[in-house]
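# Working through the structure, step by step
Chain residues, written in single-letter form:
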Amino acid sequence: MLTAAFKDLLSEQGKFFSNITINEICDRAMVHRTTFYKHFEDKFALLHSTLTWVLQDYLKMNIEDRLRQPLQSLSRFMLENLLEPIVQNQKNDKGFTDFFKNYIGDISRRDFLELKRRGKQLSAPLELLAEYHSGVISLLVTWWIYHLEEDVTAEQMDEYYYQLVNEKIMLE
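Just so it is clear, the structure is predicted and the values come from calculations on it, not from any experiment. (Residues numbered from 1 in each chain as written. Predicted model: local features only at pLDDT ≥ 70, side-chain atom pairs only at ≥ 80, totals over all residues. Heavy atoms only, no water.)

### Some details on the nonpolar core
Note on soluble globular proteins: their nonpolar side chains tend to be buried together. Here is the rule: By nonpolar core we mean a set of buried residues, namely Ala, Val, Leu, Ile, Met, Phe, Trp, Tyr and Cys, connected to one another through side-chain atoms within 4.5 Å. Under the scheme applied here, a residue whose accessible area is under 20% of the maximum for its type counts as buried, over 50% as exposed, and between as partly exposed, the area being computed with a 1.4 Å probe on protein chains only. Any pair of residues with heavy atoms lying within 4.5 Å of one another is described as a contacting pair.
Counting residues in each nonpolar core, the largest one holds 47 residues, and the members touching the most others are Leu83, Phe100 and Ile104. The contacts of Leu83, once residues within four sequence positions are left out, are Leu51, Val54, Leu55, Met78 and Phe100. One finds Ile63, Leu115, Leu122 and Leu126 within the second-largest nonpolar core, a separate group that totals eight residues.

### Considerations on the packing of helix α8 (residues 83–90) against helix α9 (residues 94–117)
Defined as follows: Fitted lines through C-alpha atoms give the axes, limited to the stretch in contact for helices. The angle between two N-to-C directions lies from 0 to 180 degrees. By definition, any uninterrupted DSSP run of H or I lasting at least four residues is a helix, any uninterrupted run of E lasting at least two residues is a strand, and each is numbered from the N terminus. Small angles under 35 degrees read as roughly parallel and large ones over 145 as roughly antiparallel, with 65 to 115 read as roughly perpendicular and the rest as oblique. Throughout, the ten residues Ala, Val, Leu, Ile, Met, Phe, Trp, Tyr, Cys and Pro are labelled nonpolar, Asp, Glu, Lys and Arg are labelled charged, and all others, Gly among them, are labelled polar.
Closest axis-to-axis distance for the α8/α9 pair is 9 Å, and the angle between their directions is 130 degrees. If you check the angle between α8 and α9, you find them oblique. Along the contact surface, α8 presents Leu83, Ile86, Val87 and Gln90, while α9 presents Phe96, Thr97 and Phe100. Considered class by class, the residues forming the contact of α8 with α9 number five nonpolar, two polar and no charged.

### Quick notes on the packing of α9 against helix α10 (residues 126–146)
Rule in force here: Each crossing is labelled by how the near helix is turned from the far one, with a counterclockwise turn of less than a right angle marking it left-handed and a clockwise turn marking it right-handed.
α10 packs onto α9 with a crossing angle of 150 degrees between their chain directions and a minimal axis gap of 8 Å. Considering only the axes of α9 and α10, their crossing is right-handed. Looking at the contact of α9 with α10, its residues break down into twelve nonpolar, seven polar and five charged.

### Regarding the pattern of salt bridges
Formally: Any carboxyl oxygen of Asp or Glu that lies within 4 Å of a side-chain nitrogen of Lys or Arg is treated as forming a salt bridge with it.
Enumeration according to the criterion identifies ten salt bridges in this entry. With its nearest N and O atoms 2.8 Å apart, the salt bridge here joins Asp98 to Lys94. Highlighted residues: Asp98 and Lys94, both in helix α9, separated by four residues, approximately one helical turn. Taking relative accessible area as the criterion, Lys94 reaches 58% and is therefore assigned exposed. Ionic pairing is found between Asp106 and Arg109, a salt bridge with its closest N-O pair at 2.4 Å. A residue pair is termed a helical-turn pair when its members lie 3 or 4 positions apart in one helix, as Asp106 and Arg109 do in helix α9 at three residues. In this structure Arg109 comes out as partly exposed when scored by relative accessible area, which is 22%.

Structure follows, in structure tokens:
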């Protein structure tokens, strides 16, 4: 109930993450504040949980596919689960965009580290590639959020990605 209420508030025109209070979330979910705090430390923990819930199919996707077409992969799931209206509505909220950028960066960092665990060998230290890649993905996601009205496609965003990183890294 809390996640659904929060998702609704984030989608509501003119409602910004930074201004949404725990009381508003609880009122919308029709639960008491103590219920909120039994499940979440704060609204950032709820945002993390909400993003994980909304992107659960994306997170189940094959890691190498996610890394080969990072923006197309994310885009498919943003459109399918109504994350795009949230991102569109929250694009002018620095608290939300910073959190979202870091959340997406953490996913790509974990993906690279999972490749290391699986024994993937690359020419540069995998931890360094993970940090670099997550930074590029975070940058591109943030840029894309601010330019959604320009109809830049996911395919174009992946082209930008490959212009910014060495394409051979992902194709080894």
